[in-house]
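Below, each chain spelled out in residue letters.
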Amino acid sequence: ALRSAVVEIQNASGASSYAVSTSDGAVVAPAISGSPLKGSYTIDVISTGSRTNTSSKDDLLRVTNPSGTSLSLASSFTLTVGSTAHTITPASNTLEALASSINETTAADVQAVIVNLGTSANPDYRLSVQHNKLGPVPIQLNDGAQDLLQSVTTGSFAQYRINGQPVAEPIS
């Protein structure tokens, strides 16, 4: 009986005895772990942050058929994300193969997609490369002769306060 009473006291004072709530689960999802301190905490989200997004430059080869042509005649590219360079070697010289090869380079932590900035009658397919995390991460693709990407948006870190105090460590 004494043993079960001690177990009940331990359970009543552990993490399972606390509750969390949020006014907007789409913005923050609170959870309890470890040895929480009793109290009430307020998290104010100042900015949800954004990802860096780039697009192929306007003055490159015009791609009207992404499965037939590419934005460069090169067979190998250097994708630089932050300060880390990755060699990209597409299976063929097409925009689809280039995007696929970038996406297979998981260490780069980016996603490449093909977008048509033209019309169906006059297509203008471009390569768009976006970083998978929040923050101002430079992204560039080079074919050995020139840089191929231009910045569309520079990412930013999420910003928030806990109990009115700004948190210095960014969320990416």
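The numbering scheme is per chain: residues are counted from 1 as the chain's sequence reads. Owing to the predicted nature of the model, reporting of local features is limited to residues with pLDDT of at least 70; listing and counting of side-chain atom pairs is limited to 80 or more, with chain, interface and lining totals taken over all residues. Water and hydrogen atoms were dropped before computing side-chain values, which therefore reflect all heavy atoms in the structure.

### Here's the deal with the overall build of the chain
Rules: Numbering goes from the N terminus for both helices and strands, where a helix is a DSSP run of H or I of at least four residues and a strand is a run of E of at least two. Burial classes: relative accessible area under 20% of the type maximum marks a residue as buried, over 50% as exposed, and values in between as partly exposed (1.4 Å probe, protein chains only). Only heavy atoms matter for contacts: two residues are in contact if any of them lie within 4.5 Å across the pair. To be clear on the numbers: accessible area is Shrake-Rupley with a 1.4 Å probe, and residue cover counts the displayed protein chains and nothing else.
Within the chain, the regular secondary structure consists of two helices and 10 strands. Counting from the amino terminus, helix and strand elements in the chain follow one another as α-β-β-β-β-α-β-β-β-β-β-β. A total of 172 residues make up the chain; the buried ones form 28% of that total. Long-range pairs, those at least 24 residues apart, make up 54% of the contacts in the chain with a sequence separation of at least 6. With an accessible surface of roughly 10700 Å², the chain has 51% of that area assigned to carbon and sulfur atoms.

### Let's talk about the environment of Gln159
If you trace the backbone, Gln159 turns up in strand β9 (residues 159-162). For the pair Gln159 and Gly49, spaced 110 residues apart in sequence, the C-alpha to C-alpha distance is 7.0 Å. Gln159 has contacts with Asp44, Val45, Ile46 and Ser47, leaving out every residue within four places of it along the chain.

### Observations regarding the environment of Gln146
Considering the arrangement of structural elements, one finds Gln146 in the loop between β7 (139-142) and β8 (149-153). Residues Gln146 and Ser72 lie 74 residues apart in sequence; the distance between their C-alpha atoms is 9.6 Å.

### Structural notes on the sheet that holds strand β5 (residues 110-116)
Note the threshold: Here, a strand pair is defined by DSSP locating no fewer than two bridges between the strands. Helix axes are fitted to C-alpha atoms over the stretch in contact, other axes to C-alpha atoms as well, and angles between N-to-C directions run from 0 to 180 degrees.
Pairing within the open sheet is antiparallel, and its four strands lie in the order β5-β6-β2-β8. The sheet terminates laterally at β5 and β8, the two strands that pair on one side only. Taking each pair of neighbouring strands and ignoring which way they run, the sheet shows an average axis angle of 30°. Strand direction decides the pairing type here: β5 and strand β6 (residues 125-131), joined by seven bridges, are antiparallel. Bridge pairing links Val115 to Arg126 in β6. Along the sheet face, helix α2 (residues 95-104) touches β5 and β6 and points at about 160° away from the line of β5.

### What to know about the nonpolar core
The cut-off we apply is this: Here, the term nonpolar core denotes a set of buried Ala, Val, Leu, Ile, Met, Phe, Trp, Tyr and Cys residues that are joined through side-chain atoms within 4.5 Å.
Judged by nonpolar contacts, the single largest core of 22 residues is most densely connected at Leu79, Leu98, Ile102, Leu127 and Leu141. Mapped onto this core, the elements with two or more residues apiece are β3 (77-81), α2, β5, β6 and β7. Of all the elements, α2 adds the most residues to this core, at four residues. If we ignore the near neighbours within four places in the chain, the residues touching Leu79 are Thr84, Ala85, His86, Ile88, Ile102, Ala108, Val110, Ile139, Gln140 and Leu141.

### Quick look at the pattern of salt bridges
Formally: Think of a salt bridge as a Lys or Arg side-chain nitrogen and an Asp or Glu carboxyl oxygen that are within 4 Å of each other.
Scanning all chains against the criterion turns up three salt bridges. Among the ionic pairs, Asp58 bridges to Arg126, the shortest N-O distance being 2.8 Å. With Asp58 in the loop between β2 (53-56) and β3 and Arg126 in strand β6, the pair connects residues that are 68 residues apart, well separated along the chain. Looking at Asp58, the relative accessible area reads 56%, which means it is exposed. Relative accessible area serves as the criterion here: at 9%, Arg126 is assigned to the buried category. Linking Asp124 and Arg126 is a salt bridge whose minimum nitrogen-to-oxygen distance equals 2.9 Å. With respect to burial, Asp124 and Arg126 carry one shared label: buried. If you follow the salt bridges from partner to partner, you end up with Asp58, Asp124 and Arg126 in one network.

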